[in-house]
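Chain and residue survey
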Amino acid sequence: MGYGFLTMIIHRHQDGSEGYQYEIGDKVEVSRTIQGGWFDVGPTRADFCTVMRLDQRDSWCIQKIEVHYSNEWGWADCFPWMLSPTAETLSVAKLVSA
């Protein structure tokens, strides 16, 4: 997962809700993208993408995330709430209580 040293962090809040802080290399499922277009109807709807870049200018809660499907399809911009972690990503995530 990731590059061997970074893993997604699950922030669990007092009300039981969770927020996912993704890291580069995490596998995710995309529900939609900022741009829309081909990425929302292409093969990514059934497959998983990889987090490629994180916009460090914003908090992990609202940062723009670039995800990549394959060399043929390129990348797309998403926000954290547009993504879901895969079982593989969840299995190595670090849990912290907020």
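Residues numbered from 1 in each chain as written. Predicted model: local features only at pLDDT ≥ 70, side-chain atom pairs only at ≥ 80, totals over all residues. Heavy atoms only, no water.

1. Thoughts on the sheet that holds strand E3 (residues 27-30)
- What the five strands build is an open sheet, ordered E6-E5-E4-E3-E7; its pairing is antiparallel. Two strands close off the open sheet at either side, each with one partner strand: strand E6 (74-78) and strand E7 (83-85). In this sheet, neighbouring strand axes are inclined to one another by 45° on average, regardless of whether the strands run parallel or antiparallel. (Pairing = 2+ DSSP bridges. Helix = DSSP H or I, 4+ residues; strand = E, 2+ residues; numbered from the N terminus. Axes fitted to C-alpha atoms, helices over the stretch in contact; angles between N-to-C directions.)

2. So, the confidence of the model for the protein chain
- Averaged over the protein chain, the pLDDT score is 84; the fraction of residues at 70 or greater is 83%.
- Ranking the elements of the protein chain by mean pLDDT puts helix H1 (residues 38-41) last with 62 and strand E1 (residues 9-12) first with 95. (pLDDT = per-residue confidence, 0-100.)

3. Regarding the packing of aromatic side chains
- The full count for this structure, using the stated rule, is two aromatic pairs.
- Ring plane angle 50° and centroid distance 6.3 Å describe the contact between Tyr 20 and Tyr 22, whose orientation is recorded as tilted.
- Relative to Trp 81, the ring of Phe 79 lies with its centre 4.9 Å away and its plane at 15°, an arrangement referred to as stacked. (Phe/Tyr/Trp six-rings, centres within 6.5 Å; stacked < 30°, edge-to-face > 60°.)

4. So, the pairing of E3
- Burial of the side chains of E3 is restricted to one face: Val 28 and Val 30 are buried, whereas none of Lys 27 and Glu 29 on the reverse face is.
- With two bridges joining them, E3 and strand E4 (residues 49-54) adopt antiparallel strand pairing. What sits directly across from Val 28, in E4, is Cys 49.
- Where E3 and E7 come together, three bridges link them in antiparallel fashion. Bridge pairing in E7 places Glu 29 opposite Ser 84. (Buried < 20%, exposed > 50% of the residue type's maximum accessible area, 1.4 Å probe, protein only.)

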